[in-house]
Amino acid sequence: MLLSVELMGVCVAVFDRIGLGTDPCSTLTLGLSRLMGVSFGTVQLTLNALLMLIVLRFDVGRIGAGTLANMVFIGYTADFVMAVLDRFPALLTLTMAARLAIFAPTMLVFLLSASVYISVDLGVAPYDAVPQIIAAHTKRLSFRVIRVCWDVGMMLSGFALGSTVGLTTVVTGFCLGPAIAAVRERVKGFYGEA
């Protein structure tokens, strides 16, 4: 779980610095961060702390070590890696082919890390718990559909705040929910759960 969370932070920083957008949650968080002049990590922590109120009200069982790890480490890891990447101005002049060559493996690592982090059931960030809670309280829509709607809503909010919406944002907005569901089935199968 800790490795997954740290890798997600690294991926967010890479996505942002190659200029192809970030995942929907980070798109919103980066927009708020730049608007308020506060670090990405601090805004990430604050946003999840506010969403935690919903989780505490409807399903406190979704909170665990993974909740706190996500809330603290992704944002601050991304802040650190962004600062390191900023020392390499050549990143700003990469060709589109080079950006896509960096994007592809980074996206794979991000999707797998996010899916594993959620599937190991050690608690999830409030951002991730809210669509799970919604799915648990409705039979009309699948978790996959709810997660896509949730992510697209965050993506549009971040865009309205001036964040870049790019290939990363679109791919994670439409693929993260299905990836989580697929990995969750395999993890549960590995542990012999029904």
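Residues numbered from 1 in each chain as written. Predicted model: local features only at pLDDT ≥ 70, side-chain atom pairs only at ≥ 80, totals over all residues. Heavy atoms only, no water.

Describe the overall build of the protein, and please don't skip the residues or the numbers.
Along the backbone of the protein there are eight helices and zero strands. Helices (α) and strands (β) of the protein occur, in sequence order from the N terminus, as α-α-α-α-α-α-α-α. A globule of 194 residues ought to have a C-alpha radius of gyration of about 16 Å, and the protein, at 16 Å, matches this closely. By its C-alpha atoms, the protein is 50 × 35 × 30 Å across when sized along the principal axes. Classification of the 194 residues of the protein by burial places 48% in the buried group. (Helix = DSSP H or I, 4+ residues; strand = E, 2+ residues; numbered from the N terminus. Rg over C-alpha atoms; globule rule 2.2 N^0.38 Å. Buried < 20%, exposed > 50% of the residue type's maximum accessible area, 1.4 Å probe, protein only.)

Kindly report on the pattern of salt bridges, identifying the contributing residues and their values.
With the rule as written, the count across this model stands at six salt bridges. Taking the shortest distance from any N to any O, the salt bridge between Asp59 and Arg62 comes out at 2.9 Å. The class for Asp59 is partly exposed, based on a relative accessible area of 24%. We classify Arg62 as partly exposed; its relative accessible area is 22%. Here Asp151 and Arg147 are joined by a salt bridge, their closest N and O atoms 3.0 Å apart. Note that Asp151 and Arg147 are positioned in helix α7 (residues 143–160) at a spacing of four residues, about one turn of the helix. When its relative accessible area of 1% is taken as the criterion, Asp151 is described as buried. Looking at Arg147, the relative accessible area reads 2%, which means it is buried. In this structure, a network of salt bridges that share partners links the residues Asp16, Arg17, Arg34 and Asp86. (Salt bridge = Lys/Arg side-chain N within 4 Å of Asp/Glu carboxyl O.)

Which residues make up unusual backbone geometry, and what values do they have?
The backbone phi angle of Asp121 is positive, close to 60°, even though this residue is not glycine. Mapped onto the fold, Asp121 is located in the loop between α5 (96–119) and α6 (126–136).

Which residues make up the side chain of Thr27, and what values go with them?
One can find Thr27 in helix α2 (residues 24–36). The class for Thr27 is buried, based on a relative accessible area of 0%. A distance of 3.1 Å separates a polar atom in the side chain of Thr27 from the backbone oxygen of Thr22. (Polar contact = N/O pair within 3.5 Å; in protein donor to acceptor, adjacent residues only side chain to side chain.)

For the packing of helix α1 (residues 2–18) against helix α4 (residues 65–85), give the residues involved together with the corresponding values.
Orientation of α1 relative to α4, taken along the N-to-C sense of each, is 40°, at an axis distance of 7 Å. The pairing of α1 with α4 is recorded here as oblique in orientation. Read as a crossing pair, α1 and α4 show a hand that is right-handed. Judged by residue contacts, Leu2, Val5, Glu6, Met8, Gly9, Val10, Val12, Ala13, Val14, Asp16 and Arg17 of α1 engage Ala69, Asn70, Phe73, Ile74, Thr77, Ala78, Val81, Met82 and Leu85 from α4. Partitioning the contact of α1 with α4 into residue classes produces 14 nonpolar, three polar and three charged. (Axes fitted to C-alpha atoms, helices over the stretch in contact; angles between N-to-C directions. Parallel < 35°, antiparallel > 145°, perpendicular 65-115°, else oblique. Left-handed = near helix turned anticlockwise from the far one by under 90°. Contact = heavy atoms within 4.5 Å. Nonpolar A, V, L, I, M, F, W, Y, C, P; charged D, E, K, R; others polar.)

The values are spatial; any link to function lies outside them.
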